[in-house]
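In case you want the letters, here they are:
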Number of protein chains: 4
Amino acid sequence: MRYTITITKREVAMVIENYSKLTAVFINCSIGKDVSKSHTQKLMDKVSVIMKNQGVTVTDIYARSHQIATGMIKDGAEQGEADEWPDIQRQIVDADILVIGTPVWLGDKSSVASKVIERLYAYSSDTNDKNQYVYYNKVGGAVVTGNEDGVKNCSRDITYSLGHIGYTIPPQPDAGWLGAIGPGPSYGDTEYAGKKLDAPAGFDSDFTNKAVETMAWNLMHMAHLLKSSGGIPAIGNTTNK
Amino acid sequence: MRYTITITKREVAMVIENYSKLTAVFINCSIGKDVSKSHTQKLMDKVSVIMKNQGVTVTDIYARSHQIATGMIKDGAEQGEADEWPDIQRQIVDADILVIGTPVWLGDKSSVASKVIERLYAYSSDTNDKNQYVYYNKVGGAVVTGNEDGVKNCSRDITYSLGHIGYTIPPQPDAGWLGAIGPGPSYGDTEYAGKKLDAPAGFDSDFTNKAVETMAWNLMHMAHLLKSSGGIPAIGNTTNK
Amino acid sequence: MRYTITITKREVAMVIENYSKLTAVFINCSIGKDVSKSHTQKLMDKVSVIMKNQGVTVTDIYARSHQIATGMIKDGAEQGEADEWPDIQRQIVDADILVIGTPVWLGDKSSVASKVIERLYAYSSDTNDKNQYVYYNKVGGAVVTGNEDGVKNCSRDITYSLGHIGYTIPPQPDAGWLGAIGPGPSYGDTEYAGKKLDAPAGFDSDFTNKAVETMAWNLMHMAHLLKSSGGIPAIGNTTNK
Amino acid sequence: MRYTITITKREVAMVIENYSKLTAVFINCSIGKDVSKSHTQKLMDKVSVIMKNQGVTVTDIYARSHQIATGMIKDGAEQGEADEWPDIQRQIVDADILVIGTPVWLGDKSSVASKVIERLYAYSSDTNDKNQYVYYNKVGGAVVTGNEDGVKNCSRDITYSLGHIGYTIPPQPDAGWLGAIGPGPSYGDTEYAGKKLDAPAGFDSDFTNKAVETMAWNLMHMAHLLKSSGGIPAIGNTTNK
């Protein structure tokens, strides 16, 4: 499977000129404590590097490295808890693009991803200066890795929730990696390669690489389209306040 | 709950000028044979009338009134069956907007909705003149009615599938209606009103009406944004052919 | 990965004596017209042969070989359609075990599986002679095959729906097969073996084989447990009639 | 809607005699800090009191009142964190019945429920004395409350995960409460009653009450059936060790 990207000169000029003003937040919701061991991070990095190459300012957040309170609350202080979420929220609101990464456990997204979505939701009645929900005119996507099953299920949950609170979801907004059924390698593992006939090619799945590229570009294209056009007109979609 | 839409003169002008060129297909995937009894149709009509008022050309399709073959096929003729899908497909490909309506059964979308999604998927490797998947530069949404539970689950499935094959999903792309837990009225039923303390207000749920309005406008806004801008640039998202 | 089954003499005697009275229905909900090409059938057969070896009477139904009406109806005749479901329903009600097989499309179960579940649901207010729902004291499971993603999602939908209408779901009630992410072989395909480094071993996945065995036995164990004990006592779970 | 439970003398005697040896753990996975404000707890209590009336020993755990570490780990100490889960795990392994309660947020179970499921999963390779997974011969169920939508989706996730790790899922293993679409009362709220025509009857939904009863009894029936029969025979379902 090979693919070629044909970019006309005009398109390249447009891209280089414009996308460098975009900003993105990538939140990795792995459940392990140590980001250096996160397979999901490896795949998220493949998406973010494409954006960085176009000049997008990318902020990486490893959720478990931050104290994030649980609850339908804006600030853990409301219930007497330390909470770094308000600062994370500020970065998300300032960014044009949000990518949530999650591992798959039992076919489902992680509890950390669920907590992050709950916290986003707690701010969902905030509004922008057009009286639309605060997440309007931003775009969202998902990165998912597991060892056998569940990319679509996790991505479906994440992107639907983002859309429900105001994000625009561009076409093919997700990238994932899975090995064949049963226990086996995780994304980026190299110790299996060539040892088992059924060892997937790890980092070098053409399919995953293509999804990574499509997702990265579609998020940028759509973020730029929204930004350069002044955003979704404030007709029919303003809040009740 | 009251809300007011504030539209500036410039916005009205823009809207009236542009949205009349848009086209939409609404497919109702109810499982009953008779469209006149479909509660889902009543809610779909509330969405489509907002579009019609802006001059959008809307085509209504009641799936069960057509013979639609089952299978991962482009034409039922491939397996010796009569099939009206190729004609429906042409209308979908020609339209800027696709709305899939479904009732909820056991918390899930209908088998008819599943069949329609399978048939859309069978064409998902077709491409447009930019070598993107054929559903690129179109927008999708969902309308769901049930008597107690499952709007989000159905809408999540439908909009994720549409996004996976190339549709753009605008913010809050769905509208639904549910009564309280347990058997009870369906959308638009009037015989319960006032008779039971817990009878929902039927047609006149402010929440559902607001979702209807938001969904209709966001589909139009995004379809116009894609159309007037020349669509998503063909960078990073073209097919492998 | 190796496993050994240790069966004591007493257990063998028990098993041979009892399980031969059990009956099972396996419904394959593939969307292709021709059962001989169904990958799902190949995996279902692996489950059913274990039951047959214990003397269980197994009825195989390939849904697409039958005319099954669409709707929340007991008989298509209600809406003037030919319908073989009433006959299938009778076999299901007579059986102790029901296994629904489905392929994965877009991470979801097939439209045929959805239709079968809707038809089962249409009878869900029927009762047995203890005034429990008619599906009580029966056990259910799922077989799922796809080429990359969605076994758990499909199985979750199917087994939840079966449980909702009265089936008991034994532990680990499902078996599935998936290749690695992206297009590739389907269950039982042999043409990929050895040709690609990442070609899964097809039929011979130890993981899938183990799931097949567990599922087959747990369905039999639980069906026998329910049958030999007189079923779930009719306390707290009878209908409102 | 009225229903009558007919219990024969023999059945009453059986029930009173046997079910008093059963034990159950109810884990409430609400996201609020204060159990006294949990609507889900009110509904869980309705299930547990039915069990207590039969002599079942019930342990109530409010997850957020305990420090539960995040990760695919048996003990937070592995990553240097305080963790009360090992003690909770012991109670779960000792019990015949497990009920997980969750609120609905965005149509999905809570992050706390996801974390609890992850921690259960981390022990899923533990075995009982028959070399079956440690959760075999136990039964599981779910209680879900929300204000508009998602009971089935949450229950489906929870019961599937429990089944996947070894629990038996009896028929109709869940109870839930939802109001009509849109914001509104939560389970047990009384301030709406009579004030709005569409205010659901709160505590007194016949439908929810019936589900509560069915769920409570089916969990007891099935737990007793498994316990009194010596459990699922260790044929075909033992682990690979």
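Described below are features of the structure shown in this document.

Definitions and limits used
Residues numbered from 1 in each chain as written. Chains lettered and ligands numbered in written order. Predicted model: local features only at pLDDT ≥ 70, side-chain atom pairs only at ≥ 80, totals over all residues. Heavy atoms only, no water. Helix = DSSP H or I, 4+ residues; strand = E, 2+ residues; numbered from the N terminus. Expected span 1.5 Å × (residues − 1). Buried < 20%, exposed > 50% of the residue type's maximum accessible area, 1.4 Å probe, protein only. Contact = heavy atoms within 4.5 Å. Polar contact = N/O pair within 3.5 Å; in protein donor to acceptor, adjacent residues only side chain to side chain. Pairing = 2+ DSSP bridges. Axes fitted to C-alpha atoms, helices over the stretch in contact; angles between N-to-C directions. Right-handed = clockwise from strand over helix to strand, strands pointing away. Phe/Tyr/Trp six-rings, centres within 6.5 Å; stacked < 30°, edge-to-face > 60°.

Turning our eyes to something else, we now look at helix α2 (residues 39–53) of chain A. At 3.6 residues per turn, the α-helix brings residues three or four places apart onto the same side. Residue and element names in this part refer to chain A. Counted at 1.5 Å a residue, the expected span for α2 with its 15 residues is 21 Å, and the 22 Å between its end C-alpha atoms agrees. If you check which residues of α2 are buried, you get T40, Q41, L43, M44, V47, S48, I50 and M51. In this structure, the buried residues of α2 make contact with β1 (23–28), β2 (57–62), β3 (97–103), β4 (139–145), β5 (174–177) and α6 (206–228). Sitting at the head of α2, S38 places a side-chain oxygen 3.4 Å from the backbone nitrogen of T40. Trailing α2 by a residue or two, G55 shows a phi angle of about 90 degrees, which is positive.

Another aspect to go through is the sheet that holds strand β4 (residues 139–145) of chain C. Residue and element names in this part refer to chain C. Read across the sheet, five strands follow the order β2-β1-β3-β4-β5 without closing on themselves; strand pairing throughout is parallel. The open sheet terminates on both sides in strands that have one partner only, identified here as β2 (57–62) and β5 (174–177). Each adjacent strand pair in this sheet contributes to an overall mean axis angle of 15 degrees, direction not counted. Where β4 lies against β5, four bridges are found, and the strand directions are parallel.

Next up on the list: the pairing of strand β1 (residues 23–28) of chain C. Residue and element names in this part refer to chain C. Of all six residues in β1, five are buried, a share of seventy percent or more. Across six bridges, β1 lies against β2 in parallel orientation. Bridged to I27 within β2 is I61. Chirality of the crossover, the property in question, places the unit of β1, helix α2 (residues 39–53) and β2 among those that are right-handed. Sheet analysis places β1 next to strand β3 (residues 97–103), joined by five bridges and oriented parallel. Following the sheet pairing, V25 is matched in β3 by L98.

Before going further, it helps to examine the sheet that holds strand β2 (residues 57–62) of chain B. Residue and element names in this part refer to chain B. Taken in spatial order, the five strands line up as β2-β1-β3-β4-β5 in an open sheet, and their pairing is parallel. Whereas interior strands pair on both sides, the edge strands pair on one side only; in this sheet they are β2 and β5 (174–177). Strand after strand, the sheet turns through a mean of 15 degrees between neighbouring axes, direction not considered. Contacts between helix α2 (residues 39–53) and the sheet are confined to β1 (23–28), β2, β3 (97–103), β4 (139–145) and β5, with β1 contributing the most and set at about 175 degrees to the helix. Along the sheet, helix α3 (residues 85–94) makes contact with β1, β2 and β3, crossing β1 at roughly 140 degrees.

It is worth spelling out unusual backbone geometry at this point. In this structure, N137 of chain A is a non-glycine residue whose phi angle is positive, near 70 degrees. Residue position: N137 of chain A is located in the loop between α4 (111–122) and β4. Look at N131 of chain D: it is not a glycine, yet its phi comes out positive at around 65 degrees. If you trace the backbone, N131 of chain D turns up in the loop between α4 (111–122) and β4 (139–145).

Residues and elements named next belong to chain B. Tracing the sequence through the fold places N28 in strand β1. N28 gets classed as buried once you look at its relative accessible area, which sits at 0%. For N28, the residues in contact, after removing those within four places along its chain, are S38, T40, Q41, M44, I61, Y62, A63 and G101.

Turning to helix α6 (residues 206–228) of chain B, a few remarks are in order. Residues and elements named next belong to chain B. Look at α6: 33 Å from first C-alpha to last across 23 residues, which is about the 33 Å you get at 1.5 Å a residue. In terms of burial, α6 is largely enclosed, as 18 of its 23 residues are buried. Downstream of α6 by a residue or two, G230 has a phi angle that is positive, lying close to 85 degrees.

Turning our eyes to something else, we now look at the packing of aromatic side chains. In this description, an aromatic ring pair is defined by two values, namely the gap between the centres and the angle between the planes. All names here are of chain A. Taken as a whole, this structure holds 16 aromatic pairs over all chains when the rule is applied. Here the aromatic rings of Y135 and Y167 are separated by 5.4 Å at their centres, their planes lie at 20 degrees, and the arrangement is stacked. A residue pair is termed long-range when its members are at least 10 positions apart, and Y135 in the loop between α4 and β4 and Y167 in the loop between α5 (151–165) and β5 qualify at 32 residues. As far as the burial class goes, Y135 and Y167 line up, both buried.

Time to look at the side chain of N237 of chain D. With respect to the helices, strands and loops of the structure, N237 of chain D is situated in the segment after α6 (206–228). Classification of N237 of chain D as buried rests on a relative accessible area of 1%. One polar contact links N237 of chain D to Q132 of chain D, side chain to side chain, over a distance of 3.2 Å. In terms of polar contacts, N237 of chain D uses its side chain to reach the backbone carbonyl oxygen of P233 of chain D, at 3.1 Å. Beyond its immediate stretch of four places on either side in the chain, N237 of chain D contacts K210, T214, N218 and H221 of chain C together with Q132, Y136 and I232 of chain D.

All right, on to the environment of S186 of chain C then. Residues and elements named next belong to chain C. When you line up the elements, S186 lands in the loop between β5 and α6 (206–228). With 146 residues separating them in the primary sequence, S186 and T40 have C-alpha atoms 9.0 Å apart. When residues no more than four places from it in sequence are discounted, the contact partners of S186 are H39, N147 and W177.

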